[in-house]
Amino acid sequence: MKTIKDVFLAYQQGLGSLYDARETGAITLMVLEELTGVSRAKIKAFPEDDIPANAGEKLSAVLNELKTGKPVQYILGTTEFYGLNFLVNPATLIPRPETEELVEWALEESKKLEVKSKKLAVLDIGTGSGCIAISLKKNLPDAVVSALDISPGALKTAKQNAVVNEVDVSFIEDSILDIKSEIEHSKFDIIISNPPYVTLEDKLRMHTNVTDFEPHSALFVPEHNPLVFYKAIAGFAADHLEKNGLLFLEINENFGKETVELLNHKRFTNIELRKDMSGRDRMIKANR
């Protein structure tokens with residue numbers, strides 16, 4: 001692998017059985033940018049350029065790891081979300097583009113919220129890498145943002161990400177299924193969550209680089225009770241959202257109707273189910 005073009009060819013040959021051509025191209029671009037320090041635009045514009053001598057060995061080592069199915073974000077230890085850089089590792093889920101859409105929606109709606117004589121209070125439930133909470137805080141610098149997760153490993157990474165992105169977020173180790181922290185007595189203007197929602201049936205259709213490497217506790221739910229986290233979050237939000245406060249949820253596309261019914265049952269109003277960029281039922285907004 002002497003030139004940029006050679007790298008693309010080697011990665012295409014090595015990963016062709018795991019990913020389609022478009023995905024392999026995107027992975028190669030990400031690796032090249034990270035390991036060479038050359039911008040994506042320059043990599044695309046000058047495919048005949050030689051790669052730096054010290055990058056060849058690293059590019060081969062990364063390719064070997066990628067062949068095992070390990071996600072490129074875990075190999076590089078970093079990913080981009082909502083224009084920010086985040087550290088990721090097997091203790092955290094890899095942030096997805098559709099979650100960026102949820103953040104965008106929450107930011108849009110936050111402008112319409114009337115918060116009387118105090119700062120906007122936001123809670124992110126199941127924060128993982130901290131990508132939602134940190135992106136919201138970065139874009140709402142005056143808001144008081146808290147983030148909850150049951151995993152000490154995820155919270156350690158989320159705290160590092162808050163430092164990397166220079167924001168102040170309050171992180172709490174607790175489970176929404178059995179809240180024990182002082183958060184039990186707090187009120188919020190916005191509650192947002194991307195909780196576990198993948199069923200066993202969904203798992204069979206998923207890529208092994210997700211099912212073999214990403215944390216199962218952040219992904220999977222019992223087949224007999226797929227909305228277990230939504231019930232807990234809706235119950236908590238019903239008690240802890242300020243009047244006219246907003247609830248935002250990323251959801252399993254197969255349970256859009258059921259999740260709406262659950263929120264109706266909890267007496268939420270103005271419930272809106274929205275599709276993601278792929279046309280799947282992916283997120284819900286509701287008023288308290």
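What you see as residue numbers is a count from 1 along each chain, following the sequence as written. Local features are withheld for residues below a pLDDT of 70 in this predicted model, meaning they are given only at 70 or higher, and side-chain atom pairs are given and counted only at 80 or more; totals for whole chains, interfaces and linings count all residues. Derived side-chain values reflect all non-hydrogen atoms in the structure, with water molecules and hydrogen atoms excluded from consideration.

### What about the sheet that holds strand β7 (residues 241-250)?
As a reminder of what qualifies: The rule for pairing is simple: two strands pair if DSSP sees at least two bridges between them. Helix and strand assignments follow DSSP, with helices taken as H or I runs no shorter than four residues and strands as E runs no shorter than two, numbered in order from the N terminus. For every element, the axis is a line fit to its C-alpha atoms; helices are fit only across the contacting stretch, and the angle between N-to-C directions ranges from 0 to 180 degrees. Throughout, a contact is declared for two residues whenever any of their heavy atoms are within 4.5 Å.
Ordered by their spatial adjacency, seven strands build an open sheet running β5-β4-β3-β6-β7-β9-β8, and the pairing between neighbours is mixed. Edge positions in the open sheet fall to β5 (170-173) and β8 (269-275), since each of these has one partner strand only. Adjacent strand axes in the sheet meet at a mean angle of 15°, parallel and antiparallel pairs treated alike. Of the pairings in the sheet, the one linking strand β4 (residues 144-149) to β5 comprises four bridges and is parallel in character. Within the sheet, the bridge partner assigned to Ser146 lies in β5 and is Ser170. Relative to the sheet, helix α6 (residues 97-110) contacts β6 (188-193), β7, β8 and β9 (281-287), its axis offset from that of β7 by approximately 160°.

### Topic: the packing of aromatic side chains
What counts is decided by this rule: Two rings from Phe, Tyr or Trp (for Trp, the six-membered ring) form a pair when their centres sit within 6.5 Å of each other. Planes less than 30 degrees apart are called stacked, planes more than 60 degrees apart edge-to-face, and all others tilted. Three exposure classes are used, based on accessible area relative to the maximum for each residue type with a 1.4 Å probe and protein chains only: buried under 20%, partly exposed in between, and exposed over 50%. Charges are assigned to positions over rings by a cutoff of 6 Å between ring centre and Lys NZ or Arg CZ, combined with an angular limit of 35 degrees from the ring normal.
Tallied over the entire structure, the rule returns two aromatic pairs. Pairing Trp105 with Phe248 gives two aromatic rings, centres 5.8 Å apart and planes at 70°, and the pair type is edge-to-face. Taken as a pair, Trp105 in helix α6 and Phe248 in strand β7 lie far apart in primary sequence, 143 residues in all. Accessibility classification places Trp105 together with Phe248 in one group, the buried group. Over the face of the ring belonging to Trp105 we find Arg274, whose NZ or CZ atom lies 4.0 Å from the ring centre.

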